[in-house]
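# A look at the structure
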Amino acid sequence: PVGRLDMDSEGLLLFTNDGEFANALMHPKHEVNKVYHVTVKNYTPNAQLRLAEPIVLDGYRIKKPGVRLIRKGEPAVLEVTIHEGRNRQVRRMCAAAGMEVVRLKRVAEGSLVLGELPLGKWRHLSDEEVKNLLEG
C-alpha cells in the first residue's frame, strides 16, 4: 500500500510493488496533495479558520492545509488538502478545531482522482496516470 487509511475512513488507496514509486508518493518532501471530503459535526466558520492553520502534531508543525467548505449545515462537509500523512492527521486537526469527524473519504492523491469507482472496487492505473503521479 502507498500510505494508509484508518479503519474508520474510506476512499482512494494505491497499491504497488514498486518501492521507488511508493516512496515518491509517500515521502513528505515530495508534498503530494492528499484531498479528503470530511463530514463534520460542530462546524462554524471560526472552526474552519482554525482548521486551515498549521498545528503541531507529534512534535512536528504540519504544513498549512487547504480547507474549502463544500456544504454548510449539520453535518457540514469540508474539502481538506494535506501534504503529509501523519497518523489520523485529518481527524486530529478537526478535533483541535473543535469539530467531530463523522465521515472521512480520500478523494484524490496527487493528480489521481477517485471519481465514481464504487466502494470495494479497484482498477489498474494507466501508464499516463502513473507518469502524471510521478511528475507531480
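Everything below is about the structure shown above.
First, a word on scope: everything that follows refers to the structure included in this document. Computed from a prediction, not measured in an experiment: that's the story for all the values here.

### Let's talk about the layout of surface pockets
Quantified by volume, the largest pocket comes out at close to 670 Å³. Lining the largest pocket we find 25 residues, and of these L12, L13, L117, K121 and W122 sit closest to its centre. Split into classes, the residues belonging to the lining of the largest pocket amount to 15 nonpolar, five polar and five charged. Its volume calculated, the second largest pocket comes out at about 370 Å³. Lining the second largest pocket are 20 residues; nearest its centre among them are R4, Y36, G85, R86 and R106. Contributions of two or more residues to the lining of the second largest pocket are made by β2 (34-41), α3 (89-96) and β7 (100-109). Considering every element that reaches the lining of the second largest pocket, the biggest residue donor is α3, with three residues. Across the lining of the second largest pocket, the residue classes break down as seven nonpolar, five polar and eight charged.

### With respect to the nonpolar core
Core analysis: the largest hydrophobic core is formed by 19 residues, its most contacted members being V38, V40, L51, C94 and M99. Where this core is concerned, the elements lending two or more residues are β2, α2 (45-51), β6 (76-82), α3 and β7. Setting aside its immediate chain neighbours within four residues, L51 contacts P65, V67, L78, V80, M93, C94, A97 and M99. In this structure, L14, F21, L25 and L133 belong to the second largest nonpolar core, which totals 10 residues.

### Section: the pattern of salt bridges
Inspection of every chain in the model, using the stated rule, returns eight salt bridges. Close ionic contact of R92 with D58 constitutes a salt bridge, the shortest N to O distance being 2.9 Å. Here D58 lies in the loop between β3 (56-57) and β4 (60-61) and R92 lies in helix α3, a separation of 34 residues in the sequence. A salt bridge links R123 to E129; the shortest N-O distance between them is 2.7 Å. Since its relative accessible area comes to 41%, R123 is described here as partly exposed. It is possible to trace a salt-bridge network through shared partners that takes in D6, R88 and R91.

Cut-offs used in this document
Residues numbered from 1 in each chain as written. Predicted model: local features only at pLDDT ≥ 70, side-chain atom pairs only at ≥ 80, totals over all residues. Heavy atoms only, no water. 1 Å grid on protein atoms, 1.4 Å probe; cavity = no way out; pocket = protein on both sides within 12 Å on 5 of 7 lines; lining within 4 Å. Points joined across faces, edges and corners; volume = space filled by probe spheres on them. Nonpolar A, V, L, I, M, F, W, Y, C, P; charged D, E, K, R; others polar. Helix = DSSP H or I, 4+ residues; strand = E, 2+ residues; numbered from the N terminus. Core = buried A, V, L, I, M, F, W, Y, C linked by side-chain atoms within 4.5 Å. Buried < 20%, exposed > 50% of the residue type's maximum accessible area, 1.4 Å probe, protein only. Contact = heavy atoms within 4.5 Å. Salt bridge = Lys/Arg side-chain N within 4 Å of Asp/Glu carboxyl O.

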